Amino acid sequence: MPLWLDLLVRVVAVVAAFLVLPLVVGQAEHKVMAHMQGRLGPMYAGAFHGWAQLVADGVKFVQKEDITPRDADRRVFQLAPIVALFPYLIVLLAVPLGPGGLVAQPLDVGLFFVLAVLGIGVVAVLMSAWASANKYSLLGGLRGAAQLLGYELPLVLSAASVAMAAGTLSLPGIVEAWSPWWLLWQAPAAFVFFVSGLAEIRRPPFDMPIADSELVFGYMTEYTGLRFAFFLLAEYVGIVVIAALTTVLFLGGWHGPDPAHLGWLWTLLKIFAVSFVIIWLRVTYPRLREDQLQRLCWLVLVPLALGQLVLTAAVKVAL
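Basis of the calculations
For every chain, the first residue of the written sequence is number 1, and numbering continues from 1 onward in sequence order. Totals for whole chains, interfaces and linings use all residues, but because this is a predicted model, local features are given only for residues with pLDDT of at least 70 and pairs of side-chain atoms are given and counted only at 80 or more. Hydrogens and water molecules were not included; the side-chain quantities draw on all heavy atoms of the structure. Helix numbers and strand numbers start at the N terminus; a helix is a DSSP run of H or I with at least 4 residues, a strand a run of E with at least 2. Within these notes, the globule rule equals 2.2 Å times the number of residues to the 0.38 power, and the radius of gyration is based on C-alpha atoms. Buried residues are those whose accessible area, probed at 1.4 Å on protein chains only, stays under 20% of the maximum for their type, while exposed residues exceed 50% and partly exposed ones sit between those limits. In this description, contact between two residues means that some pair of their heavy atoms is separated by no more than 4.5 Å. Accessibility throughout is a Shrake-Rupley quantity obtained with a 1.4 Å probe, and a residue counts as covered only by protein chains that appear here. Side-chain atoms within 4.5 Å link the members of a nonpolar core, which is a set of buried Ala, Val, Leu, Ile, Met, Phe, Trp, Tyr and Cys residues. Note on aromatic contacts: the rings of Phe and Tyr and the six-membered ring of Trp form a pair at centre separations within 6.5 Å, being stacked when their planes are under 30 degrees apart, edge-to-face when over 60 apart, and tilted otherwise. Only when the NZ of Lys or the CZ of Arg is both within 6 Å of the ring centre and within 35 degrees of the ring normal is a charge said to sit over the ring. Only the contacting stretch of a helix is used when fitting its axis, a line to C-alpha atoms as for every element, and angles between N-to-C directions run 0 to 180 degrees. For this classification, under 35 degrees means roughly parallel, over 145 means roughly antiparallel, 65 to 115 means roughly perpendicular, and everything else is oblique. For any pair of crossing helices, the crossing counts as left-handed if the nearer helix is rotated counterclockwise from the farther one by less than a right angle, and right-handed if it is rotated clockwise. Under the grouping applied here, Gly and all other residues not named as nonpolar or charged are polar, the nonpolar ones being Ala, Val, Leu, Ile, Met, Phe, Trp, Tyr, Cys and Pro and the charged ones Asp, Glu, Lys and Arg. By this rule, a helix spans an expected 1.5 Å times one less than how many residues it contains.

A closer look at the overall build of the protein
Of the regular secondary structure elements, the protein holds 13 helices and zero strands. Starting at the N terminus and ending at the C terminus, the protein contains elements arranged as α-α-α-α-α-α-α-α-α-α-α-α-α. Expected size for 319 residues packed as a compact globule is a radius of gyration near 20 Å; at 20 Å, the protein falls within 12% of this value. Dimensions of the protein, computed from the C-alpha atoms along their principal axes, are close to 60 × 45 × 45 Å. Looking at the protein as a whole, 50% of its 319 residues are labelled buried. Look at the contacts in the protein between residues 6 or more apart in sequence, and 77% of them connect residues 24 or more apart. By element, 72% of the accessible surface of the protein is carried by carbon and sulfur atoms, the whole surface being about 15,200 Å².

Here you go:
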């Protein structure tokens, strides 16, 4: 296959996954929450099990008026939703789906790359908060910055534990080095990474930057129409990315009963299973207060991640 055609196929595949998987997760969230909370509304649109609910939401956002506040920094305000989406698209380029080079762009430092790109998310939060010229947006943005900067540390430390165990920063290399006993050995790191990932994408119970009962809708208060939809889409893409990284780093990626033929299928099944857990947590736990959120980060997750690093180093030296 010519180089240009191979590159085109890889880019198209990543863009398709970027557009389709978040919609599947969004539709699943409608149905899972409807069943868990006894909601009738999401089950009516389109008759059979409310299949058209997501379509109805999309049409609703398209029809809404696109408003920019008079005192807002117009260019920054309009650019923030794109900045919120773009890092997740870049991360998907480096996430392996299966063995045999089934990844858009294999990188020797893939783990370092995805963690660095994920850190751009805080920029979008600050852009939308400051440019909105709204006190509730600004408060939400400051909360978001404190949360994202804080939880970045345990996220990186827990990922470093897996990289140390595998002896590589390559994401396919980490999956190839994975063995089932890592489910116990790296379990603390998996817990820290998963919880920190939830905080990074600001999903409940880590949604203090939004906190609709206090801040209207936080840094997204002034957004309407498609720009607001882009922020919601970024949240669902974030679910897919965190679920994919958790799968690749801690759950063995494509490893399954028949990895040679169904590796990509096992990866997708694990991603959707982790996404289901993320949705489940939304309807299970109440929102953490700001002090509780920071206490969990600095007094629980960071020490646990550091302890896991020491354990991993000791095991690697012993072996």
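Moving on from the coordinates now.
What about unusual backbone geometry?
A cis amide bond, omega 10°, links Pro 204 with the succeeding residue Pro 205. The backbone of Ala 133 sits at a positive phi, close to 55°, despite the residue not being glycine. Structurally, Ala 133 can be placed in the loop between helix H5 (121-131) and helix H6 (135-166). For Arg 202, which is not glycine, the phi dihedral falls at a positive 60°.

Examining the nonpolar core
If you look at the biggest cluster of nonpolar residues, it comprises 93 residues, and the most contacted ones within it are Leu 111 and Leu 249. With 17 residues, the single largest contributor to this core is helix H11 (residues 225-250). Those residues in contact with Leu 111 that sit more than four places away from it in its chain are Ala 159, Ala 163, Leu 169, Leu 171, Ile 174 and Leu 249.

Topic: the packing of aromatic side chains
Throughout the structure, instances matching the rule amount to eight aromatic pairs. Considering the side-chain rings of Trp 182 and Trp 185, the 5.9 Å spacing of their centres and the 75° angle between planes classify their relative orientation as edge-to-face. Here Trp 182 and its partner Trp 185 are both found in helix H8 (residues 182-185), three residues apart, which amounts to about one turn of the helix. Given a relative accessible area of 8%, Trp 185 falls into the buried group. Pairwise contacts between aromatic rings join Phe 77, Tyr 219, Tyr 223 and Phe 231 into one cluster. Taking the ring centre of Trp 178 as reference, the NZ or CZ of Lys 270 above it sits at 5.9 Å.

Regarding the packing of helix H3 (residues 74-92) against H5
Packing of H3 against H5 brings their axes to within 8 Å, and their N-to-C directions diverge by 160°. Taken together, H3 and H5 sit at an angle that is classed as roughly antiparallel. For H3 against H5, the interelement crossing comes out left-handed. On H5, the residues that touch Val 76, Phe 77, Leu 79, Ala 80, Val 83 and Ala 84 of H3 are Ala 124, Met 127, Ser 128 and Ala 131. In the contact of H3 with H5, the residues fall into nine nonpolar, one polar and no charged.

Remarks on H11
Helix length check: H11 (26 residues) gives 38 Å between terminal C-alpha atoms against 38 Å at 1.5 Å per residue, within 8%. The element H11 is extensively covered by neighbouring structure, given that 23 of its 26 residues are classed as buried. Positive backbone phi, at 85°, marks Gly 252, one or two positions downstream of H11.

Brief notes about the environment of Pro 257
With respect to the secondary-structure elements, Pro 257 resides in the loop between H11 and helix H12 (259-282). A relative accessible area of 72% means that Pro 257 is categorised as exposed. Each C-alpha atom of the pair Pro 257 and Gly 121 lies 36 Å from the other, and the pair is 136 residues apart in sequence.

Focus on the environment of Phe 250
Within the fold, Phe 250 resides in helix H11. If sequence neighbours within four positions are ignored, Phe 250 has contacts with Ser 158, Val 162, Trp 178, Leu 183, Gln 186, Ala 189, Ala 190 and Phe 193.

Describing the side chain of Ser 161
With respect to the helices, strands and loops of the structure, Ser 161 is situated in helix H6. Exposure remark for Ser 161: the relative accessible area of 0% places this residue in the buried category. When near neighbours in sequence (up to four residues on either side) are disregarded, Ser 161 contacts Gln 186, Ala 189, Gln 308, Leu 309 and Thr 312.

Function-wise, these values are silent; they only describe arrangement.
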